[in-house]
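Listed here are the chains, written in short residue letters.
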Amino acid sequence: MTKLLLLGDEAIAQGALDAGISGAYGYPGTPSTEIITYIQEVGADQGRKVHDIWSTNEKTALEEGLGMSYAGKRALVTMKHVGLNVAADCFMNAAITGVNGGLLILVADDPSMHSSQNEQDSRFFAKFAMIPLLEPHTQQEAYDMMRYGFELSEAVKLPVMVRVTTRLCHSRADVVRGEVLPEKPLSLSADRAQFILLPGNARRNYAALIARQPALVERSESSRYNEYIDGADKRLGILATGIAVNYLREVCDGESPHPVLSLRQYPVPVGLIRRLFEECDEILVMEEGMPLLEEQLVGLLPPAKAIHGRLDGSLPRTGELSPDVVGTALGLGTEPAFTVPGVVAMRPPKLCTGCAHAGTYTFLKQALARYEDPRVLSDIGCYTLGALSPYEAIDSCVDMGASITMAKGASDAGVHPAIAVIGDSTFTHSGITGLLDCVLEGSNVTILILDNDTTAMTGGQDSAGMSGRIDQICLGLGVEPEHLHVIDPLPRLADENAEVLVRELDYRGVSVVICRRVCIQAMNKRKKEAKLQA
């Protein structure tokens, strides 16, 4: 046996490698990014030649993973919670087609929104699609659940979601590796109609999915990942899910005085919950994220018993759980383990020194000075920091790719200038189709594509827009060559760049200005790598 000190993300990656995956697909997004990064870094060193190239977006990643499952091999697909929104079309339909080879969909949620637009709970998606869900509470369990999850997926012929959260992803613990399994052989589905969702086939498959639900519940009832731990004080019963189990153990010094149902496999094991409900006077639900189980209990169990949790204020409605929060809910009166001294001022994030985006915002504001109250619709990436001082140059950040489409909608409403700011990786992720809409309608929009030749915000991963492809893509979509400009956003070129932008703002049609300069961090990294290879 080999023991490794691993992040939760790394434990997931190592577990997937040891479970015999043939492919890992995903789009980088905190807190999930390190999973595929780890596979890229150690997979080959461990003698594994799995597919590990970043996908263009989460939808393409899941479809590619489903294709590998179609061929009978095991695939891991990774994304953060908002990425599941992008992949939702394939996600919901994959539950209807089912799988051939094992398919795990790893979704990393971000309660408290450390690096996200919202703190949605991906467990709702698993319930919506009616597929099994695993929710590990330790790094070792995250590792173990990879093998278990693939076996479960192949046994029930469904994709399985594995839901983790930021604290598990980005904390370390010892992980003991198990047996390393070989990859599955190529083996196409014997049912050639399985993946053809024409209405007749889809209705048949959907009926089979419905019929499969009691068996999935039975698996949850008997799962080793759902534990009923008895306690002497039955005035309160605790239902704890995923990482909330750790917080409970910490505040209770490892052993709760109350009965505890530790739940890490779904669908909900109704029998175990009923036992907790029958034995205890009141119920406290501890779940990281939204009150999914708490809401279900009202329908699953008689209404005569008090159920406490996020809905009644026993636990905060937003943000992460913590030992302090859990201790307070249990009436233990715990003091905060750490408080920030009043003399410490908050330091907002900022663009890196030497970042090309700073130069872009300089000439952008210069060009917009002649307009009264101009608005700039932006997107998700490092350049979103342009909303903060000293730039205060952008006015929106909603979801991947929304800058171009929102600018088009604003233009449709009569706004001028209608300006979009989007990064190169975000453009290939979700911006291309928006630009195509603009070209088809001849919309009066000006689009700035900030091409820094990497996916900078999540650590410098490769993207589909690297190596100067962006201008080729724009021309291929129909942007007129005379209204496509590639500029260098250096501060000393601000006047010259502002003139280019002013001309395009005056043009009543689609124009694209590509601000091309390599990310300063990527440039330094590449210089170091080149020096090492020399």
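Residues numbered from 1 in each chain as written. Predicted model: local features only at pLDDT ≥ 70, side-chain atom pairs only at ≥ 80, totals over all residues. Heavy atoms only, no water.

Colleague: Explain the overall build of the protein chain to me, and be specific about the residues and the numbers.
Modeller: Across its full length, the protein chain carries 18 helices and 18 strands. When its C-alpha atoms are laid out on the principal axes, the protein chain stretches across 75 × 65 × 55 Å. Relative to its full complement of 534 residues, the protein chain shows a buried share of 55%. Sequence-distant contacts in the protein chain: of pairs separated by 6 or more residues, those separated by 24 or more amount to 79%. Just so you have it, the protein chain exposes about 23,200 Å², and 55% of that area is on carbon and sulfur atoms. (Helix = DSSP H or I, 4+ residues; strand = E, 2+ residues; numbered from the N terminus. Buried < 20%, exposed > 50% of the residue type's maximum accessible area, 1.4 Å probe, protein only. Contact = heavy atoms within 4.5 Å. Areas by Shrake-Rupley, 256 points an atom, 1.4 Å probe, with all protein chains shown as cover.)

Colleague: Which residues make up the packing of helix α3 (residues 58-70) against helix α4 (residues 81-97), and what are the values?
Modeller: Interhelical geometry of α3 versus α4 gives an angle of 25° and a closest axis separation of 7 Å. As judged from the angle between their axes, α3 and α4 are roughly parallel. Together, E58, K59, L62, E63 and L66 of α3 and G83, V86, A87, D89, C90, F91, A94 and T97 of α4 make up the contact between the two elements. When its residues are assigned to classes, the contact of α3 with α4 shows 7 nonpolar, 2 polar and 4 charged. (Axes fitted to C-alpha atoms, helices over the stretch in contact; angles between N-to-C directions. Parallel < 35°, antiparallel > 145°, perpendicular 65-115°, else oblique. Nonpolar A, V, L, I, M, F, W, Y, C, P; charged D, E, K, R; others polar.)

Colleague: Quick one: what's the story with the sheet that holds strand β2 (residues 23-26), residue by residue and with numbers?
Modeller: In space, the 6 strands of this open sheet follow the order β2-β3-β4-β6-β5-β11, with mixed pairing throughout. Edge positions in the open sheet fall to β2 and β11 (265-266), since each of these has one partner strand only. (Pairing = 2+ DSSP bridges.)

Colleague: Please set out α4 residue by residue, giving values where relevant.
Modeller: With 17 residues, α4 extends 22 Å between its outermost C-alpha atoms, agreeing within 8% with the 24 Å of an ideal straight helix rising 1.5 Å per residue. Taken as a whole, α4 carries its principal kink of about 75° at A87. Counting buried positions along α4 gives 12 out of 17 residues, so the element sits mostly inside the fold. Within the span of α4, buried status applies to H81, V82, G83, L84, A87, A88, C90, F91, A94, A95, I96 and T97. Tucked into the core, α4 has its buried residues touching α3, β3 (75-80), β4 (103-109), α5 (123-129), β6 (160-165) and α8 (199-222). A positive phi of about 75° marks G98, the residue just after α4. (Expected span 1.5 Å × (residues − 1). Bend = angle between axes of the 7 residues up to and from the residue.)

Colleague: Which residues make up the packing of aromatic side chains, and what values go with them?
Modeller: Scanning the model with the defined rule gives 4 aromatic pairs in all. Ring centres of Y70 and F195 lie 4.9 Å apart, and the angle between their planes is 70°; on these two criteria the pair is classed as edge-to-face. Placement of the pair is Y70 in helix α3 and F195 in the loop between β7 (172-176) and α8, with a sequence separation of 125 residues. A relative accessible area of 39% means that Y70 is categorised as partly exposed. An angle of 80° between the planes, with centres 5.0 Å apart, marks the rings of Y148 and Y225 as edge-to-face. In this pair, Y148 sits in helix α6 (residues 139-156) while Y225 sits in the loop between α8 and β8 (226-229), placing the two residues 77 residues apart along the sequence. A single burial state applies to Y148 and to Y225, both of which are buried. When the ring centre of Y228 is taken as reference, the NZ or CZ atom of R275 above it lies at 3.7 Å. (Phe/Tyr/Trp six-rings, centres within 6.5 Å; stacked < 30°, edge-to-face > 60°. Lys NZ or Arg CZ within 6 Å of the ring centre and 35° of its normal.)

Colleague: Can you lay out the environment of V479 for me, pointing to particular residues and giving the numbers?
Modeller: Mapped onto the secondary structure, V479 falls in the loop between α16 (470-477) and β17 (484-487). Distance from V479 to S511, taken between C-alpha atoms, is 7.0 Å for residues 32 residues apart in sequence. Ignoring any residue separated from it by four or fewer positions in sequence, one finds V479 in contact with L435, V439, C474, L484, V510 and V512.

Colleague: Tell me about the environment of M161, residues and numbers included.
Modeller: By the secondary structure assignment, M161 is in strand β6. Exposure remark for M161: the relative accessible area of 0% places this residue in the buried category. Spatially, the C-alpha atom of M161 lies 4.7 Å from that of I105, the residues being 56 residues apart in sequence. Discounting residues that sit within four places of it in the chain, M161 has contacts with L84, F91, I105, V107, S122, F125, A126, I131, P132, L133 and L134.

Colleague: Quick one: what's the story with the packing of helix α15 (residues 424-441) against α16, residue by residue and with numbers?
Modeller: Between α15 and α16, whose axes approach to 10 Å, the crossing angle comes to 20°. Judged on the interaxial angle alone, α16 and α15 are roughly parallel. Note that α15 runs across α16; the crossing there is right-handed. Residues D424, F427, T428, I432, L435, L436 and V439 of α15 lie in contact with α16, whose contacting residues are I470, I473, C474 and L477. (Left-handed = near helix turned anticlockwise from the far one by under 90°.)

Colleague: Let's hear about the pattern of salt bridges: which residues, and what values?
Modeller: Under the criterion given, the structure shown has 27 salt bridges. For R235, the salt bridge identified is with D233, shortest N-O distance 2.7 Å. Note on R235: relative accessible area 58%, which makes it exposed. One network of salt bridges, in which partners are shared, links D109, D121, R123, E135, R163 and E287. (Salt bridge = Lys/Arg side-chain N within 4 Å of Asp/Glu carboxyl O.)

Colleague: Can you break down the nonpolar core residue by residue, with the values?
Modeller: L76, F91, M161, L239, L248, M286 and L330 are the most contacted members of the largest nonpolar core, which has 101 residues in total. When near neighbours in sequence (up to four residues on either side) are disregarded, L76 contacts A16, G23, A24, Y25, I35, I39, L104, L106, M146 and F150. One finds I404, I447, L448 and C515 within the second-largest nonpolar core, a separate group that totals 42 residues. (Core = buried A, V, L, I, M, F, W, Y, C linked by side-chain atoms within 4.5 Å.)

Colleague: Now, about the side chain of N100: what can you tell me, with residues and values included?
Modeller: Relative to the assigned elements, N100 resides in the loop between α4 and β4. On the basis of relative accessibility, which here comes to 15%, the residue N100 falls in the buried class. A distance of 3.1 Å separates a polar side-chain atom of N100 from the backbone oxygen of Y70. Discounting chain neighbours no more than four positions away, the residues touching N100 are S69, Y70, A71, G72, E154, K157, S187, L188, S189, Q194 and F195. (Polar contact = N/O pair within 3.5 Å; in protein donor to acceptor, adjacent residues only side chain to side chain.)

Colleague: Tell me about the sheet that holds strand β9 (residues 236-241), and name the residues and values.
Modeller: Pairing within the open sheet is mixed, and its 5 strands lie in the order β8-β10-β9-β12-β13. Two strands lie at the open edges of the sheet, namely β8 and β13 (307-308), each paired on one side alone.

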